[in-house]
Amino acid sequence: MFAGRTSDDRPANFAAHGRLPRVYMASAVLLLASVSAISIAQAEATSAATVIIPVSQSTDTAEEFLEASLADSERWPANYSYATSSDLELGFDPPHGPQLNAVRFTGLVVPDGSWVEHAEVVFTADGNSSGPLTLVVYGEASDAAEPFVQDPDRVGTGDLSSRPATAAVVEWSTDEPWRSGEQYATPDIAAIIQEIVDRPGWRSGAPIVVLIDGTGEETFRRALAYEGARGEPDRVPLLRVRFGGAATGADPAPVPETAPEPEPAPEPE
């Protein structure tokens, strides 16, 4: 399993917080004013360190049948992509068979001088589902992921399975039952998101795709897709990202180790 970088891994240019030296009163007043300004800026940045991005349209959630449908193999052949479903059966769809799921998020802005400290996709359960389940989470290795395709009947374009995959992969094993209307999150996928935003051609705000595959089990978790959630921002799939770094307030800006000493007052005659 992959995890985000810890504070011990932060780049060298993120300096540690220093201690205030002893100074003359006049210099201390100036220094405290500067520190106060820094603290206010850090508090504002800290409030923006975590961002939550919902999927924004029906073609931002999709599933692909990895085998011909058990319900109707002619109508829904292998690699049939379905972008208008009301729900996502993560891992396996009982009427159809094993399937690949994908969610697409637009608008992730990475603050300058920061890294992805933690990331997860949050789903809202559509009904109850349970049973031991192991899933594989990865991303689309592209600079700007395209919306998903709704295949016509009897056509399987493999829109999801044909997308280039990130090297970073996270295993998601769970035996926790899902209860209707409750929210559940993937494990930390910071390594996946970091790999995508580190691509030379990726630009802040560009679309990102996260894919979730099964491992052959006939168990699943059922989540609301965009259509099933009726586009409601608190019920559609969400991408939650926490950034680390000086730009987010995770590492305080350095406080000067020394302060200029005032000129000594003249001795009385």
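Residues numbered from 1 in each chain as written. Predicted model: local features only at pLDDT ≥ 70, side-chain atom pairs only at ≥ 80, totals over all residues. Heavy atoms only, no water.

A.B. asks: Just to check I follow, could you spell out the overall build of the chain for this structure?
C.D. replies: Looking only at helices and strands, one finds two helices and 13 strands in the chain. For the chain, with 269 residues in total, the buried portion stands at 42%. Sequence separation of at least 24 residues holds for 85% of the intrachain contacts in the chain that already meet a minimum separation of 6. Surface exposure of the chain reaches about 13500 Å², of which carbon and sulfur atoms provide 53%. (Helix = DSSP H or I, 4+ residues; strand = E, 2+ residues; numbered from the N terminus. Buried < 20%, exposed > 50% of the residue type's maximum accessible area, 1.4 Å probe, protein only. Contact = heavy atoms within 4.5 Å. Areas by Shrake-Rupley, 256 points an atom, 1.4 Å probe, with all protein chains shown as cover.)

A.B. asks: Can you help me understand the sheet that holds strand 1 (residues 50-54) in this one?
C.D. replies: For sheets, the rule is that strands pair by backbone hydrogen bonds, running either parallel or antiparallel. Sheet architecture is open: four strands sit in the order 1-13-7-10, paired in antiparallel fashion. Here the strands that pair on one side only, and so sit at the sheet edges, are strand 1 and strand 10 (183-185). Neighbouring strand axes in the sheet, compared pairwise and without regard to direction, differ in orientation by 25° on average. Both strand 7 (residues 114-124) and strand 13 (residues 238-245) contribute to a ladder of eight bridges, which runs antiparallel. The partner of Val116 across the bridge, within strand 13, is Phe243. Here helix 2 (residues 190-197) sits on the sheet in contact with strand 7 and strand 13, set at roughly 120° to strand 7. (Pairing = 2+ DSSP bridges. Axes fitted to C-alpha atoms, helices over the stretch in contact; angles between N-to-C directions.)

A.B. asks: Any chance you could explain the nonpolar core here in plain terms?
C.D. replies: Taken as a class, soluble globular proteins show a tendency for nonpolar side chains to be buried jointly. Grouped together as the largest cluster of nonpolar side chains are 44 residues, with contacts concentrated most on Phe123, Ile189 and Ile193. With six residues, helix 2 is the largest single contributor of residues to this core. Excluding its chain neighbours within four sequence positions, the residues that come into contact with Ile189 are Ala119, Glu120, Val121, Val137, Val170 and Val210. The next biggest cluster of nonpolar side chains, apart from the first, holds ten residues, and it includes Ala62, Ala102, Phe148 and Leu211. (Core = buried A, V, L, I, M, F, W, Y, C linked by side-chain atoms within 4.5 Å.)

A.B. asks: Which parts of the structure should I look at to understand the packing of aromatic side chains?
C.D. replies: Both the distance between ring centres and the angle between the ring planes are used here to describe each pair of aromatic rings. On inspection of all chains with the given rule, the structure shows five aromatic pairs. A centroid spacing of 6.5 Å and a plane angle of 10° characterise the contact between Phe123 and Trp172, whose relative ring orientation is stacked. Placement of Phe123 in strand 7 and of Trp172 in strand 9 (residues 165-174) is noted, with a sequence separation of 49 residues between them. For the pair Phe123 and Trp172, one class covers both residues: buried. Summarising the aromatic geometry, the rings of Trp172 and Trp178 are spaced 6.3 Å apart at their centres and angled 40° between planes, so their arrangement reads as tilted. Residue class for Trp178 comes out buried when judged on its relative accessible area of 1%. Among the aromatic residues, those joined into a ring-pair cluster are Phe123, Trp172, Trp178 and Tyr184. (Phe/Tyr/Trp six-rings, centres within 6.5 Å; stacked < 30°, edge-to-face > 60°.)

A.B. asks: Would you explain unusual backbone geometry in this entry?
C.D. replies: A negative phi holds for most residues other than glycine; trans holds for most peptide bonds. At Asn79, a residue that is not glycine, the phi angle is positive and equals roughly 70°. Tracing the backbone shows Asn79 in the loop between strand 2 (61-65) and strand 3 (80-82). Phi at Arg154 is positive, roughly 70°, even though this residue is not glycine. Of note, Arg154 is situated in the loop between strand 8 (133-140) and strand 9. By relative accessible area, which is 56% here, Arg154 ends up exposed.

A.B. asks: Would you take a moment to explain helix 2 for this structure?
C.D. replies: One turn of the α-helix equals 3.6 residues, which is why residues spaced by three or four share an orientation. Of all the eight residues making up helix 2, seven are buried; the element is thus mostly covered by neighbouring parts of the structure. Buried within helix 2 we find Ala190, Ala191, Ile192, Ile193, Gln194, Ile196 and Val197.

A.B. asks: I keep staring at the pairing of strand 7 and nothing clicks. Help me out?
C.D. replies: In the case of a regular strand, side chains alternate between the two sheet surfaces. Within strand 7, nine of the eleven residues are buried, leaving the element largely enclosed by the surrounding structure. One ladder, built from three bridges, connects strand 7 with strand 10; its direction is antiparallel. Bridged to Thr124 within strand 10 is Gln183.

A.B. asks: Could you clarify how one ought to interpret the environment of Ala125 in this entry?
C.D. replies: One can find Ala125 in the loop between strand 7 and strand 8. Separated by 53 residues in sequence, Ala125 and Trp178 place their C-alpha atoms 6.2 Å apart. Discounting residues that sit within four places of it in the chain, Ala125 has contacts with Trp178, Arg179, Ser180, Gly181, Glu182, Tyr184, Arg222, Ala223 and Leu224.

A.B. asks: Mind showing me how you'd approach the confidence of the model for the chain here?
C.D. replies: Caution is warranted with low-pLDDT regions, since their predicted coordinates should not be read in detail. For the chain, mean pLDDT is 81; residues scoring 70 or higher make up 73% of the total. Note on residues 1-48: pLDDT under 50 across the span, and 63 contacts to partners over four residues away in sequence or across chains. Taken together, the stretch residues 250-262 has pLDDT below 50 and engages in 31 contacts with residues farther than four places along the chain or on a different chain. (pLDDT = per-residue confidence, 0-100.)

A.B. asks: What should I look at first to understand the environment of Thr124 in this one?
C.D. replies: Residue placement: Thr124 occurs in strand 7. Along the backbone, Thr124 and Gln183 are 59 residues apart, and their C-alpha atoms lie at a distance of 4.4 Å.

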